[in-house]
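The residues making up each chain are set out below.
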Amino acid sequence: MCVYDRGLWILEQYGLTAKTSSRGRGVLLYETEEGWVSIREYGGTRKKLEQQYALMEKLRNAGFPRLDRLHRNQEGELISRDREENSYVLRDWCQGRECDTRSVGDIEQAVRRLAEMHKVMRMEAQEEYVRESLIHECARHNAEIRRTRKFILRKQKKNVFEIRLLAAVPRFLEKGEETEEALRHSGYEELREESLKAGTVCHGDYSQHNVLFQGAQTAVTNFWHWNYDMQTADLCHFMRKILEKHNWDLHMGRGMLDTYCRARPLKREELLNLKLRLSYPWKFWKLCNYYESTNKVWISGKNMEKLDQLEKQWNSWLYFLEKAF
């Protein structure tokens, strides 16, 4: 069965007919009598998908109609199968342009929409979908950075990237360890417990790629990584992605924070948590992790560029953390 025939077989289970078709990133796209929909292979559990459906329906009912809503098939199931018993899900396909990371207006609207959604995103927490403790995550990443350093030190012949990465480890690792220690004494565990009792939910991957604009409408897509966590995690993720592209510009960072707080004010403890989240060297850890898990013989030029950027932004990053809060 060819790819498009498989898609048509899935569409029939929803009582839909394709007018036109195309391919997107990891999905099949079809224009139907109900508008554009996407079909994507699904490898997760039915239970988590049902929770995602409930979350998105809650948002839609609260006044957020522009979501890539999951559909139930004619049997009432969220998961449909092809003739080979592969699992698929069907959802609305939101069209529009991605949030422009150079546009202050786009950035502010994306932050505002996040804050507005966060006020609604609450469900009774279920343990299996609770995000890993931030303290544990930072400790784990710090250990991975140390392991990368140990590996490179043992190599007799080191390439230019390895020499540069090794030289950068001390200050980035020190910053990571400082953040881990500060979290342990910040009241984080109590704040996290309070958040879980309230059932606060995060999008899990809120970035410019998942915020789309079409005229005056704003769509939020790709809730696949949703989880129960403190919602400062979403805000940190979005702010970091933007600020890394703007050399940790203080004015831009404060603008995002003010925009969010106007829609959903943050408590003093949440502001401290946001600061500590932004204080961890996530991008450096990611670079170490990527190096450790890939071919060491050939090093991508992009990795060298990323390391250059991290080193160039070091002072701007520290200045932002000192002044923004």
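Residues numbered from 1 in each chain as written. Predicted model: local features only at pLDDT ≥ 70, side-chain atom pairs only at ≥ 80, totals over all residues. Heavy atoms only, no water.

## Examining the overall build of the protein chain
Counting its secondary structure elements, the protein chain contains twelve helices and ten strands. Computed over its C-alpha atoms, the radius of gyration of the protein chain comes to 22 Å, within 12% of the 20 Å expected for a compact globule of 325 residues. Across its three principal axes, the protein chain shows a C-alpha extent of roughly 60 × 50 × 40 Å. Scored against the burial criterion, the 325 residues of the protein chain give a buried share of 49%. Partitioning the intrachain contacts of the protein chain with sequence separation of at least 6 by distance along the chain shows that 73% fall at a separation of at least 24. (Helix = DSSP H or I, 4+ residues; strand = E, 2+ residues; numbered from the N terminus. Rg over C-alpha atoms; globule rule 2.2 N^0.38 Å. Buried < 20%, exposed > 50% of the residue type's maximum accessible area, 1.4 Å probe, protein only. Contact = heavy atoms within 4.5 Å.)

## Regarding the sheet that holds strand E4 (residues 80-81)
One open sheet holds the five strands; their spatial order is E1-E2-E3-E5-E4, and the pairing between them is antiparallel. The open sheet has two free edges, formed respectively by strand E1 (20-24) and E4, since each of these has just one partner strand. Pairing analysis gives five bridges linking E1 to strand E2 (residues 27-32), with the strands arranged antiparallel. Within the sheet, the bridge partner assigned to Ser21 lies in E2 and is Tyr30. (Pairing = 2+ DSSP bridges.)

## Re unusual backbone geometry
One non-glycine residue, Asn222, lies in positive phi territory at about 55°. Relative to the helices and strands, Asn222 resides in the loop between strand E9 (217-220) and strand E10 (227-228). In this structure Asn222 comes out as partly exposed when scored by relative accessible area, which is 23%. One non-glycine residue, Asn247, lies in the positive phi region at around 55°. Following the sequence through the fold, Asn247 ends up in the loop between helix H7 (232-245) and helix H8 (250-263).

## A word on the pairing of strand E3 (residues 35-41)
Relative to E3, E2 is paired through five bridges, and the arrangement is antiparallel. Residue Glu31 lies in a different strand from E3, and its bridge partner there is Trp36. A loop of two residues connects E2 with E3, the two strands running antiparallel in sequence. Summarising the sheet, E3 and strand E5 (residues 87-92) pair through five bridges and their orientation is antiparallel. Within the sheet, the bridge partner assigned to Glu41 lies in E5 and is Tyr88.

## Things to note about the state of the cysteines
Per the stated rule, a full pass over the model turns up zero disulfides. Residue Cys99 stays outside any disulfide, its sulfur separated by 15 Å from that of Cys94, the closest cysteine. Sulfur of Cys138: no disulfide; nearest cysteine sulfur belongs to Cys236 and is 9.6 Å away. (Disulfide = S-S within 2.5 Å.)

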